[in-house]
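Below, each chain spelled out in residue letters.
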Amino acid sequence: MKVVICGAGQVGFGIAERLAGEQNDVSIVDADPRRVQAATEQLDVRGIVGHGSHPDVLAKAGVEQADMLIAVTLADEVNMVACQVGHSLFNVPTKVARIRAQTYLQPEWRAMLSRDHMPIDVVISPEVEVGEMVLRRLSLPGAVDTVNFADGAVVVAGVLCGEECPVLDTPLRELTQLFPDLRATIVAVLREGKPVVLKSTDAIKVGDIAYFVAEAGQVKRTLSIFGHDEIPGQRIVIAGGGNIGLYVAQELERRNAAAKIKVLEAGRERAQAIAEVLDRAVVLHGDALNRDILDEAGVPDADTMIAVTNDDRINILSCLLAKQIGARRILSLVNEQGYAAFAQGLGIDAHVNPRQITVSKILQHVRRGRIHRVHALLDGAGEVIEAEALETSPLVGKPLRDVDLLDGLRVGAIVRGGQVILPTGDTVVRAQDRVILFALAERIKRVEQLFRVSLEFF
């Protein structure tokens, strides 16, 4: 696949890294020569210095032969114009744009981002995606990672298995016998920094982060089996009143009438602006690293402290300070991937990586075959994928135990006619089934083979 990426920042670099690593033909465009140089030195990509919305620059990047144009610069307007140029002058089949300003996404104005006006096939809003991830973490405090599939019918969650985990050293097949009515399947674990697809004879070990697929109504029960029965908190402090912090505060006001919300914002004008927008939340102007401000915000009695400023260091340090003075749970926004493992080792209960979330959103449009949703785990070491099985798929019509291509993969759930089926070796996939599975990074191409449309189909 030929892909042109406009923007070589954290998100653009992350997308280029994933796509180039999968042997796609990638060109990356940025106005900053240093970013382009860094991308070309570290990745197998072609770099072009220039503005991504300029036709001559896109032409140099080879957009005429591109299958996809991905515009993820920091400027919404540049991203939109790049897609318009890609459509009008170069007839690029798929255009993806990152749109950060929420005014463009409001229902009354959304029609502008349509093929008849501003032809953007996929709109990505990092603030909304990250905000929703934070809200899911708040609703399931025992999980370190959560994502919805099959229109919310299925949830994939990660859970840390500590020394008190009741199911340690229990083979997976015995878990099925112990909890025969449990609607959940363990698909992988993160063990010593590496993802592992477990067999039925394997067991959970201390320190593992276990990823399971469950019916939406069974997630809390599954977490409790792993020893995590934490109750969602009502006293919440948000450090950072930017787009993400404001979105989370507004949605908490709307979804949880009992929530007591306080927002800390270092900028005086921004603090005043969001105070006028929020109805019940209390907005405080001050530094999230200032102990007096944290005390004034009630952090020592808070159920959850969320740090979503633009600075990873402030996020991590303010969370650790909050935990030290009494906050029950801490959640940090972490942009730099190198900080993620560092934050977890320091005792951060959960972290959210905007780059990983955005990359996951784009990958579902890059993957070949009938791929409906993708969530990258462990910095791309594995993916949870929701795909539709077609009549020509080698997965259809035979028991899963007889499918030769499942090495390095683990099917977690099948959705058929609105019903969630937990697979066994005897389960037979049918055409039009939605299959949710985990795949190691080196097995992604195999997933595309399983769900591709073969020539015989036409």
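The coordinates are above.
This write-up is about the structure you can find in this document. These numbers were taken from a predicted model, which means no experiment stands behind them.

**Considering the overall build of the protein**
So, step 1. Within the protein, the regular secondary structure consists of 14 helices and 22 strands.
So, step 2. In summary, the protein has a C-alpha radius of gyration of 23 Å against a globular reference of 23 Å for 458 residues, a match within 12%.
So, step 3. In terms of overall dimensions, the protein has a C-alpha envelope of 70 × 65 × 45 Å along the principal axes.
So, step 4. Long-range pairs, those at least 24 residues apart, make up 63% of the contacts in the protein between residues at least 6 apart in sequence.
So, step 5. Accessible area of the protein: about 20200 Å², with a carbon and sulfur share of 48%.
So, step 6. Across the protein, the centroid of the 50 positively charged side chains sits 3 Å from that of the 60 negatively charged ones.

**Examining the sheet that holds strand E1 (residues 2-6)**
Paired through backbone hydrogen bonds, the strands of a sheet run either parallel or antiparallel to each other.
So, step 1. Pairing in this open sheet of six strands is parallel, and the strands run E3-E2-E1-E4-E5-E6 from one edge to the other. Only two strands of the sheet have a single partner each, and these edge strands are strand E3 (46-49) and strand E6 (122-124). For this sheet, the mean inter-axis angle between neighbouring strands, taken without regard to orientation, is 15°.
So, step 2. Relative to strand E2 (residues 25-30), E1 is paired through five bridges, and the arrangement is parallel.

**Focus on the state of the cysteines**
So, step 1. Enumeration over the complete set of coordinates arrives at zero disulfides.
So, step 2. Here Cys161 is not cross-linked by a disulfide; its sulfur's nearest cysteine counterpart is in Cys165, at 4.3 Å.

**Some words on the side chain of Glu253**
So, step 1. Within the element layout of this structure, Glu253 appears in helix H8 (residues 243-255).
So, step 2. Buried and unpaired, Glu253 has Arg280 as its nearest opposite-charge partner, separated by 5.3 Å.
So, step 3. There is a polar contact of 2.7 Å between the side chain of Glu253 and the backbone nitrogen of Ala281.
So, step 4. Beyond its immediate stretch of four places on either side in the chain, Glu253 contacts Ile261, Leu278, Asp279, Arg280 and Ala281.

**Some details on helix H13 (residues 354-366)**
So, step 1. For H13, built from 13 residues, the straight-helix expectation of 18 Å at 1.5 Å per residue is met to within 8% by its first-to-last C-alpha distance of 19 Å.
So, step 2. Among the 13 residues that make up H13, 12 are buried, leaving the element largely enclosed by the rest of the structure.

**Focus on the pairing of strand E16 (residues 329-333)**
So, step 1. Where burial is concerned, most of E16 is hidden: five out of the five residues are buried.
So, step 2. Of the two faces of E16, the one lined by Arg329, Leu331 and Leu333 and the one lined by Ile330 and Ser332 are each fully buried.
So, step 3. Of the strand pairs in this sheet, strand E15 (residues 304-307) and E16 are connected by four bridges, and their pairing is parallel. Following the sheet pairing, Thr304 is matched in E16 by Arg329.

**A look at the pattern of salt bridges**
So, step 1. Summed over the entire model, instances satisfying the criterion amount to 21 salt bridges.
So, step 2. Notably, a salt bridge pairs Asp295 with Arg291, separated by 3.1 Å at the nearest N-O pair. Of this pair, Asp295 and Arg291 are both found in helix H10 (residues 291-296), four residues apart, which corresponds to roughly one turn of the helix.
So, step 3. Residues Arg313 and Asp311 are paired through a salt bridge, measuring 3.5 Å at the closest nitrogen-oxygen approach.
So, step 4. On the accessibility criterion, Arg313 (54% relative accessible area) is exposed.
So, step 5. Overall, Asp311 belongs to the partly exposed group, its relative accessible area being 25%.
So, step 6. Here the salt bridges share partners, and the residues they tie into one network are Glu132, Glu251, Arg254 and Arg255.

Reading the values: the criteria
Residues numbered from 1 in each chain as written. Predicted model: local features only at pLDDT ≥ 70, side-chain atom pairs only at ≥ 80, totals over all residues. Heavy atoms only, no water. Helix = DSSP H or I, 4+ residues; strand = E, 2+ residues; numbered from the N terminus. Rg over C-alpha atoms; globule rule 2.2 N^0.38 Å. Contact = heavy atoms within 4.5 Å. Areas by Shrake-Rupley, 256 points an atom, 1.4 Å probe, with all protein chains shown as cover. Lys, Arg positive; Asp, Glu negative; His and termini not counted. Charge placed at Lys NZ, Arg CZ, Asp CG, Glu CD. Pairing = 2+ DSSP bridges. Axes fitted to C-alpha atoms, helices over the stretch in contact; angles between N-to-C directions. Disulfide = S-S within 2.5 Å. Buried < 20%, exposed > 50% of the residue type's maximum accessible area, 1.4 Å probe, protein only. Salt bridge = Lys/Arg side-chain N within 4 Å of Asp/Glu carboxyl O. Polar contact = N/O pair within 3.5 Å; in protein donor to acceptor, adjacent residues only side chain to side chain. Expected span 1.5 Å × (residues − 1).

The quantities given are spatial measurements derived from coordinates; they are silent on function.
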